[in-house]
Amino acid sequence: MTAIPAARPTGAHRGRRAANRRSGPPEDAPRWERPALAAVLAVATLLYSWGIGHAALHPFYGAAIRSMAGSWRSFFFGGLDVSGSVSIDKLPGALWPDAVSVWLFGPHTWAAALPQVVEGVLTVWLLHRIVRAWAGPFAALVAALALTVTPVTVVLNRGTIPDTALTLLLVAAAGALQKAVRTERLLPLITCGIWVGLAFQAKMLQAWLVLPIFAAVYLVVAPGTPLKRALRVLLSGAVALAVSCFWVLIAWATPAADRPYLDGTSDNNPFALVFGYNGLSRFSSDSTAFGAVAGTATSRTTGNTGWDMLINDTVGPQVAWFLPLAVLAAVLGVVWRTGQPRTDMLRAGFLMWGGWLAMHALVFSSSNGNHAYYTAVIAPALAALAGGGLALFRSEYESAYEPKPGPKPGLEHEPEHEPEPEPAHEPAHESAPEPAHEPGPWSPYVSAYGSEHWSPHVAQSVSAFESEHESAPEPEQRYEGGSGGRRHLALPAAIVLTVAWALVLDWPTRFVSWLLPVAVMLALCGVVGLWTRGPRTSSRMVQAALASAIAAILVAPAGWAASSLDSLYAGAATAPIAGPVGNAYYDSVRQHHAPRRIGLGQPSARDTALLDYLTEHRNGEKYLLATQAAYGAEPLLRAKSEPVLVMGGFTGNTPFPTAQQLAGLVTAHQLRYALLTTQRPTTAVTTWVKSHCTRVPAAAYGGTTGGSFSLYDCSPKK
């Protein structure tokens, strides 16, 4: 199994040539790679798109998507209604693809959810591509499978929440950083900054959590002088900042009369929206920090925080199935590469993905609260570390059973092969030793303590070697130990650890208890097969044992992920979560029915009656009605694209419109009706409505006497 690396060009052109070779499909890819990837992507598409016509559209974002599809003003600024009176309480970037889809295909639920499916599948494909360039095809396949069946990924990609776009863009940024380190080119590093900036448009400050990790990895691992690396990091950071703030700066420069009032702010300032309402207020005890409006129980969650948030009974089954394996891989991947050149690409990958995981875990644990679906952003890091770690452990395992080198029969007296002399025409400046910052890619078969990097396609030649010698195994095939010690035991140990952890995660609910024996049996077959490998064990037996072990670690999370296809186990549309956990599941059990999914253009009978009443009594007013907070407007905006004045924004606390502004609209005959609710706090505007408008009998518009909604007629009394 000894490979002789081919002569490689030296100097600055080598990295460029390698990058160009990797820009296209690999020439010597294993025969199983493309069919396996196609199968994974097909499974991902099926999981993410099943029942897309009844997708769990977020009520608030679903209303905004339909409004944004009907008005350029609402589209760019994220207007909640088609007139763009007030914006959503986030940046609108993540909803732009959804709005475009609705504009193209019409106001259908599947059209709003389709971009999420595409983004989810693209994330799987992109992660496979990135991990393959870093750790080879075996690692890439494991990473793609792990990401595909992570429950929070499946349930999130079936809705309309910005975290799907955030995850895709950050994975793209990680790939650009990896390419920048590998090729020593500036453009990929600039591209990394652009991807992070675009991710900022999806989830604001959360997109910046990877920046310290990316900067540290580049400064530590990238080739070049320290000054050159520092200047490049600063330039990439400046690009990330510029792209991140372009929408904020445009909104700040646009006169307030020409754009929606920015929800979540007390002063209509876009910086308060980003750094206050969606920033400092989520980590401090002051909910009005930096110009933010106070949150409510509907806009802020207080659970899932603290050092153990990733492994609690709710969040753990969503994302943490590969957490012990990922941590083990990150630690050993760095420790085992101690003594390698500073530019070691293998160690760089473990540092990047491990840092991504650690940074998010630290921030989530220190915030005031997190929805479980927030953790979807760490799923790619866990998957990449799982794939890269198993490939590393496999390389140690394979190297432990390499045939012992020795003379072959009939060749004892053959002279040693003399190395070829260097070509005489090679320039003198290229005869110097090759710089340490030009590492080649590595394969699942490269030794973690070896100093030579092999081509990622050497696995094919290894498989050919094993097949050729399958019928006549080498009698000298045994573990030689060496500097690796007992590192070959890491592979079976990692499988045992991961399956044991699956038992721990599922224990509180015993939700997939029928699958756990399957996982245990697969793990037992795999571990025993790997552990008892001997000199006469065929390569097919080893591959079967490895396949069984990989299947064992995927069974339990796949069961939880598939459960979300049933709306009973998919959580609420506002907080998607897989399995029998969360308030939405317990409410459904008490009510003996799954949560009702309300899509676009599918109003309830009550909403239809209200819309009919308002349309019939509308007499040229600009607004169909005004609602107290978004709570009452959401179902109407999803059913019909009409101008609706959302008083108080999402929480009901945003100071728009003022009582004076509302009175002016009524006087100018631009508004007649107002819908109030007892589910949101009383404000000066709602007090004005109650004192100046007449309550409409509930029977007139299909309402319920004593219900939480009340309709008021504010037309001037004659």
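No experiment lies behind these values; they were computed from the predicted model shown.

In this section: the overall build of the protein. Scanning the protein from terminus to terminus reveals 25 helices and seven strands. Counting every position in the protein, which comprises 718 residues, the buried fraction comes to 57%. By sequence separation, contacts in the protein at least 24 residues apart represent 73% of the contacts at least 6 residues apart.

Take the sheet that holds strand β5 (residues 673-677) next. Read across the open sheet, the five strands follow the order β4-β3-β5-β7-β6; overall the sheet is mixed. Of all strands in the sheet, those bounded by a partner on one side alone are β4 (644-647) and β6 (694-695). Strand direction decides the pairing type here: strand β3 (residues 625-628) and β4, joined by four bridges, are parallel. Each residue of the ladder has a partner; that of Q628, found in β4, is M647. Contacts from helix α22 (residues 605-616) reach β3, β5 and β7 (709-713), with the element oriented near 5° to β7.

Under the criterion given, the structure shown has one disulfide. Residue C693 pairs covalently with C714 via a disulfide, S to S 2.0 Å. Residues C693 and C714 share a disulfide whose torsion about the S-S bond is about 100°; that sign makes it right-handed. Here C693, found in the loop between α25 (684-692) and β6, pairs with C714, found in the segment after β7; they are 21 residues apart in sequence, far enough to count as distant. For C693, a relative accessible area of 8% translates into the label buried. Looking at C714, the relative accessible area reads 5%, which means it is buried.

Let's shift gears to empty space enclosed by the protein. Scanning the model with the defined rule gives seven cavities of 30 Å³ or more in all. In this structure, the second largest cavity spans a volume of roughly 80 Å³. Lining the second largest cavity, in full, are Y48, G120, T123, V124, L147, T153, L156, N157, D163, T164, T167 and A376. Elements with a minimum of two residues in the lining of the second largest cavity: α6 (109-148), α7 (151-156) and α8 (163-183).

Turning next to the packing of aromatic side chains. Taken as a whole and judged by the stated rule, the model has 27 aromatic pairs. Aromatic pair W72 and F75: ring centres 5.6 Å apart, planes at 80°, arrangement edge-to-face. Taken as a pair, W72 and F75 lie in helix α4 (residues 72-77) at a separation of three residues, close to a single helical turn. Measuring from ring centre to ring centre gives 5.1 Å for Y373 and Y374, while their planes differ by 90°; the resulting arrangement is edge-to-face. In textbook terms, an aromatic cluster arises when at least three aromatic residues are bridged by ring pairs, as seen for W72, F75, F76, F77, W96 and W247. Here the guanidinium or amino end of K203 rests over the ring plane of Y374, the centre of that ring lying 4.4 Å away.

Turning next to helix α23 (residues 629-639). Note that an α-helix has 3.6 residues per turn; residues three or four places apart therefore point the same way. For α23, the buried fraction is high: 10 of the 11 residues fall into the buried class. Burial in α23 covers these residues: A629, A630, G632, A633, E634, P635, L636, L637, R638 and A639. Residues of α23 that are buried in the fold lie against α3 (59-68), α22, β3, β4, β5 and β7.

Here helix α14 (residues 323-335) spans 18 Å end to end across 13 residues, near enough to the 18 Å set by a 1.5 Å rise per residue. Those residues of α14 lying buried are L323, P324, L325, A326, A329, A330, L332 and G333. Here the buried face of α14 lies against α15 (345-366), α16 (379-400), α18 (490-506) and α20 (539-563).

Taken N-terminus to C-terminus, the directions of α16 and α18 make an angle of 140°; their axes are 8 Å apart at the nearest point. Contacts between α16 and α18 involve L390, F393, R394 and Y397 on the former and, on the latter, A490, L491, A494 and I495.

Where α8 meets helix α10 (residues 211-221), the axes come as close as 10 Å, and the angle between the chain directions of the two elements is 10°. Relative to α10, the element α8 lies roughly parallel. Residues L170, A173, A174, L177, A180 and V181 of α8 pack against F214, V217, Y218 and V221 of α10. Counted by class, the contact of α8 with α10 contains 10 nonpolar, no polar and no charged residues.

The next point concerns unusual backbone geometry. Leave glycine aside and you will find that most residues have negative phi; peptide bonds, for their part, are mostly trans. The omega angle of the peptide bond from F656 to P657 is -10°, so this bond is cis rather than trans. Mapping P657 onto the fold places it in the loop between β4 and α24 (659-667). The phi dihedral of F290 falls on the positive side, at around 60°, and the residue is not glycine. Tracing the sequence through the fold places F290 in the loop between α12 (270-277) and α13 (316-319).

Let's shift gears to the pairing of β3. Burial along β3 is two-sided: the residues L625 and T627 and A626 and Q628 are all buried. Viewed along the sheet, the connection from β3 through α23 into β4 turns out right-handed. By the bridge criterion, two bridges tie β3 to β5 in an arrangement that is parallel. Within β5, the position partnered with T627 by the bridge is L675.

What follows is about the environment of T183. By secondary structure assignment, the location of T183 is in helix α8. Judged by its relative accessible area of 4%, T183 is buried. For the pair T183 and A222, spaced 39 residues apart in sequence, the C-alpha to C-alpha distance is 9.0 Å. Among the polar contacts made by the side chain of T183, one reaches the main-chain carbonyl oxygen of K179 at a distance of 2.7 Å.

Let us look at the nonpolar core. Within the largest apolar cluster, 207 residues are counted, with the highest numbers of intra-cluster contacts made by L80, F214, W353, W356, L390, F393 and L711. With 21 residues, α6 is the largest single contributor of residues to this core. Setting aside residues no more than four positions away along its own chain, W353 makes contact with L127, I130, W134, A174, P380, A381, A384 and L385.

A few words on a nonpolar patch on the surface. Taken together, the side chains of V100, W103, L104, F105 and W110 define a hydrophobic patch exposed on the protein surface, amounting to about 530 Å² of accessible area. With four residues, the single largest contributor to the nonpolar patch is helix α5 (residues 96-105). Mapped onto the elements of the fold, F105 is located in helix α5. On the basis of relative accessibility, which here comes to 43%, the residue F105 falls in the partly exposed class.

Within the structure shown, the criterion is met by 12 salt bridges. In this structure, E184 and K228 form a salt bridge, with 3.3 Å as the shortest nitrogen-oxygen distance. You can see E184 sitting in the loop between α8 and α9 (186-203) and its partner K228 sitting in helix α11 (residues 226-253), a full 44 residues away along the chain. Look at E184 and you get partly exposed, because its relative accessible area is 22%. Assessed through its relative accessible area of 31%, K228 is described here as partly exposed. When the shortest N-O distance is used, the salt bridge between R533 and E398 registers 3.5 Å. Taken together, the residues R533 in the loop between α19 (516-531) and α20 and E398 in helix α16 connect sequence positions 135 residues apart.

Reading the values: the criteria
- Residues numbered from 1 in each chain as written.
- Predicted model: local features only at pLDDT ≥ 70, side-chain atom pairs only at ≥ 80, totals over all residues.
- Heavy atoms only, no water.
- Helix = DSSP H or I, 4+ residues; strand = E, 2+ residues; numbered from the N terminus.
- Buried < 20%, exposed > 50% of the residue type's maximum accessible area, 1.4 Å probe, protein only.
- Contact = heavy atoms within 4.5 Å.
- Pairing = 2+ DSSP bridges.
- Axes fitted to C-alpha atoms, helices over the stretch in contact; angles between N-to-C directions.
- Disulfide = S-S within 2.5 Å.
- 1 Å grid on protein atoms, 1.4 Å probe; cavity = no way out; pocket = protein on both sides within 12 Å on 5 of 7 lines; lining within 4 Å.
- Points joined across faces, edges and corners; volume = space filled by probe spheres on them.
- Phe/Tyr/Trp six-rings, centres within 6.5 Å; stacked < 30°, edge-to-face > 60°.
- Lys NZ or Arg CZ within 6 Å of the ring centre and 35° of its normal.
- Expected span 1.5 Å × (residues − 1).
- Parallel < 35°, antiparallel > 145°, perpendicular 65-115°, else oblique.
- Nonpolar A, V, L, I, M, F, W, Y, C, P; charged D, E, K, R; others polar.
- Right-handed = clockwise from strand over helix to strand, strands pointing away.
- Polar contact = N/O pair within 3.5 Å; in protein donor to acceptor, adjacent residues only side chain to side chain.
- Core = buried A, V, L, I, M, F, W, Y, C linked by side-chain atoms within 4.5 Å.
- Patch = residues over 30% accessible without salt bridge, like charges linked within 9 Å, V, L, I, M, F, W, Y side chains within 5 Å.
- Areas by Shrake-Rupley, 256 points an atom, 1.4 Å probe, with all protein chains shown as cover.
- Salt bridge = Lys/Arg side-chain N within 4 Å of Asp/Glu carboxyl O.

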